[in-house]
Amino acid sequence: RFVGDELGIIPIDDDFDEADDMLRTFSDLVKGDVESEMARDLWEFFNMTGDAQQKNRVRVALPEKFEDVKHVMEVGTARHSVPDSIRPMEWLEENGLCLDNIRPDDSTIPQAGKGAFATRFLERGQVIAPAPLVQLRRKDMEVYDSDDIRKKKAKTWRDGTQLLLNYCFGHAESSILLFPYAPVVNYINHGDSIEANAFIRWSAHEGNKRKLLLRTPDELNDSEHAGLMLEFVAKRDIEVGEEVLVDYGEEWQEAWEKYLEEWKPPLDEEDVAYVNPEVLNDIMVPVRTVEEQEEDPYPENIQTLCFVGPFDEKKGEKTKKTDEWGEGYDWTFYHNMYFTNKKGYPCDIVARDGEDLAGYQSVEPDGSHYIAKVYKRKKSKKPLIVRKVPRRAIEFYDRKYQSDLFLRTAFRHEIGLPTKMLPKAWRDVNV
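Residues numbered from 1 in each chain as written. Predicted model: local features only at pLDDT ≥ 70, side-chain atom pairs only at ≥ 80, totals over all residues. Heavy atoms only, no water.

A. Summary view of the overall build of the protein chain. Within the protein chain, the regular secondary structure consists of 13 helices and 19 strands. Total accessible area on the protein chain stands at roughly 27,400 Å², and carbon and sulfur atoms take up 51% of it. (Helix = DSSP H or I, 4+ residues; strand = E, 2+ residues; numbered from the N terminus. Areas by Shrake-Rupley, 256 points an atom, 1.4 Å probe, with all protein chains shown as cover.)

B. Broad picture of the pattern of salt bridges. Under the definition given, this model contains 18 salt bridges. Of the charged contacts, one joins Arg57 and Asp15 as a salt bridge, the two residues approaching to 2.7 Å between their closest N and O atoms. Here the residue Arg57 occupies a position in helix H5 (residues 57-61), and Asp15 occupies one in helix H2 (residues 13-29), the gap between them amounting to 42 residues. For Asp15, a relative accessible area of 1% corresponds to the buried category. One salt bridge connects Asp296 with Arg288, and the closest N-O pair in it is separated by 3.5 Å. Taking the relative accessible area as the measure of exposure, Arg288 reaches 24% and is therefore partly exposed. Put simply, Arg137, Asp218 and Asp428 are held in one network by salt bridges that share partners. (Salt bridge = Lys/Arg side-chain N within 4 Å of Asp/Glu carboxyl O. Buried < 20%, exposed > 50% of the residue type's maximum accessible area, 1.4 Å probe, protein only.)

C. Focus on the side chain of Arg352. Within the fold, Arg352 resides in strand S15 (residues 344-352). When its relative accessible area of 18% is taken as the criterion, Arg352 is described as buried. From its side chain, Arg352 meets the backbone oxygen of Val287 in a polar contact 2.7 Å long. Among the polar contacts made by the side chain of Arg352, one reaches the side chain of Glu292 at a distance of 2.7 Å. (Polar contact = N/O pair within 3.5 Å; in protein donor to acceptor, adjacent residues only side chain to side chain.)

D. Focus on the state of the cysteines. For the coordinates displayed, the defined rule picks out 1 disulfide. Disulfide partner of Cys306: Cys347, at an S-S distance of 2.2 Å. Its torsion about the S-S bond being 75°, the disulfide of Cys306 and Cys347 is classed as right-handed. Placement of Cys306 in strand S12 (residues 302-307) and of Cys347 in strand S15 is noted, with a sequence separation of 41 residues between them. In this structure, Cys306 and Cys347 share a single accessibility class: buried. (Disulfide = S-S within 2.5 Å.)

E. Representation of the nonpolar core within the structure. Ile102, Ile128, Leu178, Trp202, Phe232 and Trp426 are the most contacted members of the largest nonpolar core, which totals 36 residues. Every element with two or more residues in this core is listed here: strand S2 (114-118), strand S3 (127-137), strand S7 (176-180), strand S9 (198-202) and strand S10 (229-234). With 4 residues, the top contributor of residues to this core is S3. If we skip the residues at most four places from it in the chain, Ile102 touches Ala116, Phe117, Ala118, Thr119, Ile128, Ala129, Val184, Val185, Ile188 and Val244. In terms of nonpolar packing, the next biggest core, distinct from the first, is built from 23 residues, Cys306, Tyr334, Cys347 and Leu384 among them. (Core = buried A, V, L, I, M, F, W, Y, C linked by side-chain atoms within 4.5 Å. Contact = heavy atoms within 4.5 Å.)

F. Spatial organisation of a nonpolar patch on the surface. Together, Met89, Trp91 and Leu92 make up a nonpolar patch on the protein surface, roughly 300 Å² of accessible area in all. The class for Leu92 is partly exposed, based on a relative accessible area of 38%. (Patch = residues over 30% accessible without salt bridge, like charges linked within 9 Å, V, L, I, M, F, W, Y side chains within 5 Å.)

G. Highlighting a negative patch on the surface. On the surface, Asp192, Glu195, Asp247, Glu250, Glu251, Glu254, Glu257, Glu261 and Glu262 cluster together into a negatively charged patch. Within the secondary structure layout, Glu250 lies in helix H10 (residues 250-262). (Lys, Arg positive; Asp, Glu negative; His and termini not counted. Charge placed at Lys NZ, Arg CZ, Asp CG, Glu CD.)

H. Expanded view of unusual backbone geometry. In this model, Lys31 sits at a positive phi of 55°, which is unusual for a non-glycine residue. With respect to the helices and strands, the residue Lys31 is situated in the loop between H2 and helix H3 (37-48).

I. Representation of the packing of aromatic side chains within the structure. Enumeration according to the criterion identifies 12 aromatic pairs in this entry. Between the aromatic rings of Trp252 and Phe411, the centroid separation amounts to 5.8 Å while the plane-to-plane angle is 90°, which identifies the pairing as edge-to-face. Residue Trp252 is located in helix H10, and its partner Phe411 is located in the loop between strand S18 (394-398) and strand S19 (415-416); the two are separated by 159 residues in the primary sequence. Each member of the pair, Trp252 as well as Phe411, carries the same accessibility label: buried. Through pairs of rings, three or more aromatic residues link up here, namely Tyr248, Trp252, Trp256, Tyr259 and Phe411. In this arrangement the basic side chain of Arg87 is found over the ring face of Trp91, its NZ or CZ atom lying 4.2 Å from the centre. (Phe/Tyr/Trp six-rings, centres within 6.5 Å; stacked < 30°, edge-to-face > 60°. Lys NZ or Arg CZ within 6 Å of the ring centre and 35° of its normal.)

Printed below as a string of structure tokens:
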């Protein structure tokens, strides 16, 4: 049974952002009076159109009733979708679990990517974070390929393992895998028995449905709901800003060491074509224009992001003009605009100074300013033209699901669930 049939269409971050943009546009059309009769008529007309009738994720994020529009604009579509997201302090003290003891940041472990760091002093034995779990089966992590996916009888073969396996807890004697979905816990990295300052255990919270520990893997597979919960606990005192580490287990450590020892440069054409975007993020090197990329394209996994910050129409009006590229504005610096890639938007570089932008003065390391078509919405058909973009405001990133983590030759292994925590009913694999 497909769970989506029961849950319906679920909006994600980008959908809520786009829905909020649509509400702001709606407010502009009715000159800010979202409770007027004209606003009601316009809203009803929108709901009658063909596009509105399509139950896509953005449409689901928008309020169904006109009477809710004003409130939704005040709180945002994401907050409106979870009306009980704000609770009284008394309720939180009785029922809540602390989720902000850790925060994500660059790991102190070389090449480990992100890590989880303590936001406050954590005493030995203190619960660092709860980790509600989704139970999965090991076979569901397998990736297959085919000569022709459109033909049922085409030859198929196992072609790897899903990245999700790296974030699951499991044991060699069981086909069950447990994926934790609490905030930040998936950033907790491995430390050996000496380095680890935290450990996992089954949660004592009433939300942990311990009866599921008595079910067999097949019975768990047929369960309509998740309900198990782990918790990360401080093994010793942890200082503010210290990275939280748990021991992934001997089996994981041995698998990792074997992977490092046997690793060889990939031979698969798809993997060979991969280029780490950091290699290209040298501000001394000019960015190729769309025309230049026709002869010298960037690798397929690479996309260009332009950091343009939130657009201010009042400031933009002063530099607004229309030319061969369309209607656009000059680039403006915003405080902390480079702090997160959420202010970076997919863009196409259409021109570079010199021949294309003669007369512009630049203090950039490579002496260049750029004209870019910036796509501030994922599904936007009309890009925003931004001129005088400095080289430092253009960076290369991996496209979604095309980083080196997704290469077929990348390391795959579950995090070890300690043997003492493995229920007898789950032991269905002979080793």
